[in-house]
Amino acid sequence: MYSRSNSYVLCSALLVCNGIGSMVTGQTRANDLSKPNVIVVLADDLGYGDVSSYGARKIQTPNMDRLAKTGLRFTQGYATSATSTPSRYALMTGMYPWKNKDAKILAGDAPLIISPSMQTLPKVMQEAGYKTAAIGKWHLGLGGGNVDWNKKVSPNPSDIGYEYSYIQAATNDRVPCVYVENGWVDGLDPKDPIFVSYKANFPGEPTGKENPEMLKMHPSHGHDMSIVNGVSRIGFMKGGKKALWTDETMAEVFLDKAKSFINTNQGSPFFMYFGLHQPHVPRVPNEKFIGKSGMGARGDAILEADWMLGELLAQLDALGLTENTLIIFSSDNGPVVDDGYKDDAVELLGDHKPAGPLRGGKYSLFDGGTRVPFITSWPARIKPGVSDAMVCQMDILTSLAALVGVELRETKDGENLLQTFIGKSTKGRSNLVIEGIRNLAYRDGDWVMIPPHAGPSFQKLTGTETGRLPEYQLYNLADDIHEDINLAKTEPKRLAKMKAAFEKLSAAALTLSE
């Protein structure tokens, strides 16, 4: 018989051996260049000019800059769309969002707009043997309509390929203001059920419009419905008090979930979509960032986002995973300063230009709406540098499929730009259709054509130039990056050629409306 002390020694030996085994497995994984870990980090409303490696001077983003210094910084990296839901749809599906009538800015209770039958980005990675997770901002819909938040919400991210998910259903400024983990509202008390409506308030529930004395941040336009954590939102909600998020700790909550997923799956290849919620409104960063940027809440939120990225990179360093982890960093669309709250972002902007040298911003057909920070970092394979190749987030699915050896069984709009993403080629896309708010424009080489569109030339609430004019616009971005000189009348042959190519891509393109 073994004595208790002998049993203890045996157990200790087994634990040490298991630990060594895990270390060996991790080391083997670290050297497997055929299947690197992959993390897609997508900021929210971060502009081309909001990152110091892209020219920002008033604000510094050292961790975003670290990626740029260790990888490729693309000067012509695009989202497909100047708003959140459509660009995220393109990322997840590899398809143009304007081909799906439901791929528009969604309410917080909208149904999932990605069909579970589609071959999605996480499904591609899953097929290649990757552990998959979606953490952070979602905004692609949940459920099938008329969601009961007190039960498991289905379909959810697991139905499109994510084995683990910890998300906010829509945006910071929309109800329900709760975290959803694998389809379940996290921390919900069954005795205090959640009710959500985008049509009418619930009797007796305060709103920002009727109870401004309850607010710690006031709306500048809209955003005056249900109050959560002293901030009024879009939509109405009651109940679920224990499950409500606190804006100031949201960064830490999402970061902890991301780090936990990495730690748990460090011995096998993993794919994580990490949707940052900054600097989307309402901008309520943790107190340790308040006042640090000198640019108000928006600048402070950017610093918080940069910190989150830094913490993620530090964990990869500590686990020895940095060398063989491919990180793709970008933003869902261009910047906006006043997007609904009085948070001093406009007053303290100073000479900072969130879109950098670009014209327009969020909601716009001009380049400021869709040309965004776009960085790929994979120290084991990518040599540091700058690329002028035109690439798009829609190309990530097709490129990663090529990397991990998964056959695409569906025709995708995204192109296989793997060699471009890792710096082995300087060739990018030759053309791209870009979208404002259900209005389209066409990029071909250095030229961009914006067809005539009805509607205001400025978005009334945010002051952003929409790019809509009643006439054709044609710009040479190589010579005129700010799109100031309309060459439509002086370049009739080029305009006609681009019109024909654009119409061939989609006969319905010119008839899309909001």
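Owing to the predicted nature of the structure, the values given are computational and were not obtained by experimental measurement.

*Asks:* Give me the lowdown on the overall build of the chain, citing residues and values where you can.
*Replies:* Looking only at helices and strands, the chain features 9 helices and 18 strands. Taken over the C-alpha atoms alone, the chain extends approximately 95 × 60 × 45 Å along its principal axes. Buried positions account for 58% of the 514 residues belonging to the chain. For the chain, the proportion of contacts with a sequence separation of at least 24, taken over those separated by at least 6, is 73%. Counting every atom, the chain has about 20500 Å² of accessible surface; 53% of that belongs to carbon and sulfur. Counting 54 positive and 57 negative side-chain charges, the chain places the averaged centre of each group 4 Å from the other.

*Asks:* So what's going on with the sheet that holds strand β13 (residues 374–377)? Residues and values would help.
*Replies:* Here 10 strands make up an open sheet; going across it, the order is β6-β5-β4-β3-β11-β1-β12-β13-β2-β14 and the pairing mixed. If you trace the sheet from one side to the other, it starts and ends with β6 (184–185) and β14 (385–392), each paired once. In this sheet, strand β11 (residues 270–275) lies alongside strand β1 (residues 37–43) in parallel orientation, the contact comprising 5 bridges. When the bridges of β11 are listed, V40 appears paired with Y273. Where helix α3 (residues 84–93) meets the sheet, it contacts β1, β3 (131–137) and β11, and its direction lies at approximately 165 degrees from that of β1. Helix-sheet contacts for helix α5 (residues 250–264) involve β1, β3, β4 (164–168), β5 (179–181) and β11, and the interaxial angle to β11 is about 175 degrees.

*Asks:* Give a detailed account of helix α2 (residues 62–70), specifying residues and quantitative values.
*Replies:* Each α-helix turn comprises 3.6 residues. Residues three or four places apart therefore point the same way. Regarding α2, the residues found buried are M64, D65, L67 and A68. Viewed end-on, α2 has its buried residues packed into an arc of 155 degrees, placing them on one side of the element. Counted as exposed and oriented over 90 degrees from the buried face of α2: P62 and K69. Tucked into the core, α2 has its buried residues touching β2 (72–78), α6 (296–318), β12 (325–331) and β13.

*Asks:* Please provide a residue-by-residue account of the side chain of E205, values included.
*Replies:* Looking at the secondary structure, you find E205 in the loop between β7 (195–197) and β8 (227–228). Among buried charged residues, E205 stands out as having no salt bridge; its nearest opposite-charge side chain is K241, 4.3 Å away. Excluding residues within four positions of it along the chain, E205 makes contact with M237, K238 and K241.

*Asks:* An account of the pairing of β3 is needed here, citing residue identities and associated values.
*Replies:* For β3, a buried count of 6 out of 7 residues is recorded, marking the element as mostly surrounded by other parts of the structure. Across 6 bridges, the pairing between β3 and β11 is parallel. In the strand pairing of β11, A133 is matched with M272.

*Asks:* Quick one: what's the story with the nonpolar core, residue by residue and with numbers?
*Replies:* W138, M272 and F274 are the most contacted members of the largest nonpolar core, which totals 108 residues. If you tally residues by element for this core, the top one is α6, at 8 residues. Judged by nonpolar contacts, the second largest core, of 26 residues, contains L365, V448, L477 and L495.

*Asks:* So, the layout of surface pockets: which residues are in play, and what are the values?
*Replies:* Rolled over the atoms, a probe with the dimensions of a water molecule shows which regions are left empty. Estimates place the volume of the largest pocket at around 470 Å³. Taken together, 29 residues form the lining of the largest pocket, with I105, R174, I234, D339 and Y363 sitting closest to its centre. By residue class, the composition of the lining of the largest pocket is 7 nonpolar, 11 polar and 11 charged. Roughly 320 Å³ of internal volume is contained in the second largest pocket. Together, 20 residues line the second largest pocket, and V337, P354, G360, G361 and T464 are the ones closest to its centre.

*Asks:* Give me the lowdown on the packing of aromatic side chains, citing residues and values where you can.
*Replies:* Summed over all chains, the structure comprises 16 aromatic pairs. The interplanar angle of 45 degrees and the centroid separation of 6.0 Å between the aromatic rings of Y179 and W245 together place this pair among those described as tilted. Taken together, the residues Y179 in strand β5 and W245 in the loop between β10 (236–238) and α5 connect sequence positions 66 residues apart. One aromatic cluster in this structure is built from Y166, Y179, W245 and F254. Above the plane of the ring of Y54 lies R73, whose end atom (NZ or CZ) is 5.0 Å from the centre.

*Asks:* Any details on the sheet that holds strand β16 (residues 440–444)? Residues and values, ideally.
*Replies:* Sheet strands pair by backbone hydrogen bonding; their relative direction is either parallel or antiparallel. Taken together, 4 strands build an open sheet; the order of strands is β15-β16-β17-β18 and the sheet is antiparallel. Strand pairing shows two members of the sheet lacking a second neighbour, β15 (431–435) and β18 (473–476), which therefore form its edges. For this sheet, the mean angle separating the axes of adjacent strands, direction not counted, is 20 degrees. Of the strand pairs in this sheet, β15 and β16 are connected by 5 bridges, and their pairing is antiparallel. Bridging across to β16, E435 finds its partner in L440.

*Asks:* An account of the pairing of β13 is needed here, citing residue identities and associated values.
*Replies:* A two-sided burial pattern is seen for β13, the buried positions comprising F374 and T376 on one face and I375 and S377 on the other. In terms of strand pairing, β2 meets β13 through 2 bridges, oriented antiparallel. Each bridged residue has a counterpart across the sheet, and for L72 the counterpart in β13 is T376. Note that β12 and β13 share 4 bridges and pair antiparallel. For F329, the partnering residue across the bridge sits in β13 and is I375.

Cut-offs and rules
- Residues numbered from 1 in each chain as written.
- Predicted model: local features only at pLDDT ≥ 70, side-chain atom pairs only at ≥ 80, totals over all residues.
- Heavy atoms only, no water.
- Helix = DSSP H or I, 4+ residues; strand = E, 2+ residues; numbered from the N terminus.
- Buried < 20%, exposed > 50% of the residue type's maximum accessible area, 1.4 Å probe, protein only.
- Contact = heavy atoms within 4.5 Å.
- Areas by Shrake-Rupley, 256 points an atom, 1.4 Å probe, with all protein chains shown as cover.
- Lys, Arg positive; Asp, Glu negative; His and termini not counted.
- Charge placed at Lys NZ, Arg CZ, Asp CG, Glu CD.
- Pairing = 2+ DSSP bridges.
- Axes fitted to C-alpha atoms, helices over the stretch in contact; angles between N-to-C directions.
- Arc of directions from axis to C-beta.
- Salt bridge = Lys/Arg side-chain N within 4 Å of Asp/Glu carboxyl O.
- Core = buried A, V, L, I, M, F, W, Y, C linked by side-chain atoms within 4.5 Å.
- 1 Å grid on protein atoms, 1.4 Å probe; cavity = no way out; pocket = protein on both sides within 12 Å on 5 of 7 lines; lining within 4 Å.
- Points joined across faces, edges and corners; volume = space filled by probe spheres on them.
- Nonpolar A, V, L, I, M, F, W, Y, C, P; charged D, E, K, R; others polar.
- Phe/Tyr/Trp six-rings, centres within 6.5 Å; stacked < 30°, edge-to-face > 60°.
- Lys NZ or Arg CZ within 6 Å of the ring centre and 35° of its normal.

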